[in-house]
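# A structural walkthrough
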Amino acid sequence: MHAPEYLDVLERLREPSFLDPDTVVSETSWTAALLAAGIAIEAAENSGFALVRPPGHHARPEGGMGFCLVNNVAVAARHMQAEHGVGRVAIVDYDVHHGNGTQEIFWEDDTVLFVSLHQWPFYPGTGGPAEQSKTTVNIPMGAGSGDEEYLLAFDEVVMPAVEQFGPDLVLVSAGFDAHEEDPLAEIRVTADGFRELSGRCAALAPRVAAVLEGGYNIATLPRLVAAALAGFAENTTAG
């Protein structure tokens, strides 16, 4: 998923530095990145929820950005294909920021569908309405959108796209910075909204797993994760 030269940079870190103005790294970042990617793999293997830091969906093939070092969900998707015979994977990303790294990694890969609901225009500036491909579906959401708008977009765009693709596995990039009390954006999804979004994701394929992305209000994040877990548990089609 990433250039060996970039991974070598992470492995050789010996002191704090920056990959970009937002992304701090240090001598322990390589271990943290390996653990996060490994836990994402384990979640995919066991239909779990990888509660990891650092997040991953902004990490591009040639480098990290936006707090992300390694693209955890992308690593998990390719691992399931390479090691477990999974043919088609759909990645549904409801983080408030567009998963530009995930999109770039799989842009020309017809075995992985990437579907993203995100505030736009907003950081990182990608994922606009014209940015679409056969296996990339971007759904830009306006500032102030809440549960009603998100669930309508899911039902009218996400669900048909994923059902048409027919994945063996759905991986969810579960970011909670679209919450109404998160400080980094202007989307107004509630805990009930995340529960509904997660439940709808769980019903899309025989197997589903999730990887934590954004979420920057530490007072609300635990209950939002709990709401998402409840949605997955109530609606999963897995045995």
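A word on the overall build of the protein. Scanning the protein from terminus to terminus reveals seven helices and eight strands. For the protein, whose C-alpha radius of gyration is 16 Å, the value lies close to the compact-globule estimate of 18 Å for 239 residues. In terms of overall dimensions, the protein has a C-alpha envelope of 45 × 40 × 35 Å along the principal axes. Within the protein, the proportion of its 239 residues that are buried is 56%. When contacts within the protein are restricted to residue pairs at least 6 apart in sequence, long-range pairs at least 24 apart make up 70% of them. For the protein, the exposed surface amounts to about 10,000 Å²; the carbon and sulfur share of it is 54%.

Bringing the layout of surface pockets into the picture now. Of the voids in this model, the largest pocket is the one considered here, and its volume is about 170 Å³. Considering the residues around the largest pocket, the lining is formed by Arg88, Asp110, Leu113, Lys134, Thr135, Val137, Ala161, Gln164 and Phe165. Looking at the lining of the largest pocket element by element, the count peaks at three residues for helix H5 (residues 147-165).

Moving on, we get to the side chain of Asn217. Here Asn217 is to be found in the loop between strand S8 (208-212) and helix H7 (221-235). Owing to a relative accessible area of 18%, Asn217 belongs among the buried residues under this scheme. When neighbours within four sequence positions are excluded, Asn217 is seen to be in contact with Glu181, Asp182 and Pro183.

Quick look at the environment of Ala153 now. Structurally, Ala153 can be placed in helix H5. Taking relative accessible area as the criterion, Ala153 reaches 11% and is therefore assigned buried.

Pro121 follows Trp120 through a cis peptide bond whose omega is -5°. As for its placement among the helices and strands, Pro121 is situated in the loop between strand S5 (112-119) and strand S6 (136-141). Following Tyr123, the chain continues to Pro124 via a peptide bond in cis, the omega torsion being 5°. Take Pro124: it is sitting in the loop between S5 and S6. Positive phi, close to 55°, is recorded for Ser47, a residue that is not glycine. Judged by its relative accessible area of 40%, Ser47 is partly exposed. At Phe67, a residue that is not glycine, the phi angle is positive and equals roughly 75°. Within the secondary structure, Phe67 sits in the loop between strand S3 (49-50) and helix H3 (72-84). Overall, the relative accessible area of 34% leaves Phe67 in the partly exposed class.

Running from amino to carboxyl end, helix H2 (residues 29-46) crosses H3 at an angle of 50°, the nearest separation of the two axes being 8 Å. Here H2 lies oblique to H3, going by the angle between them. Between H2 and H3 lies a crossing whose hand is right-handed. Of the residues in H3, those in contact with Ala33, Ala36, Ala37, Ala40, Ile41, Ala44 and Glu45 of H2 are Asn72, Val75, Ala76, His79, Met80 and His84. Within the contact of H2 with H3, the residues separate by chemical class into nine nonpolar, three polar and one charged.

What follows concerns helix H6 (residues 191-202). Helix length check: H6, at 12 residues, gives a terminal C-alpha distance of 17 Å against a target of 16 Å (1.5 Å per residue), a fit within 8%. Within the sequence span of H6, burial applies to Ala191, Gly193, Phe194, Leu197, Ser198, Gly199, Cys201 and Ala202. On the buried face of H6, the contacting elements are strand S4 (89-93), H5, strand S7 (169-174), S8 and H7. The N-terminus of H6 is capped by Thr190, whose side-chain oxygen sits 3.3 Å from the backbone nitrogen of Asp192.

Thresholds, definitions, all that
Residues numbered from 1 in each chain as written. Predicted model: local features only at pLDDT ≥ 70, side-chain atom pairs only at ≥ 80, totals over all residues. Heavy atoms only, no water. Helix = DSSP H or I, 4+ residues; strand = E, 2+ residues; numbered from the N terminus. Rg over C-alpha atoms; globule rule 2.2 N^0.38 Å. Buried < 20%, exposed > 50% of the residue type's maximum accessible area, 1.4 Å probe, protein only. Contact = heavy atoms within 4.5 Å. Areas by Shrake-Rupley, 256 points an atom, 1.4 Å probe, with all protein chains shown as cover. 1 Å grid on protein atoms, 1.4 Å probe; cavity = no way out; pocket = protein on both sides within 12 Å on 5 of 7 lines; lining within 4 Å. Points joined across faces, edges and corners; volume = space filled by probe spheres on them. Axes fitted to C-alpha atoms, helices over the stretch in contact; angles between N-to-C directions. Parallel < 35°, antiparallel > 145°, perpendicular 65-115°, else oblique. Left-handed = near helix turned anticlockwise from the far one by under 90°. Nonpolar A, V, L, I, M, F, W, Y, C, P; charged D, E, K, R; others polar. Expected span 1.5 Å × (residues − 1). Polar contact = N/O pair within 3.5 Å; in protein donor to acceptor, adjacent residues only side chain to side chain.

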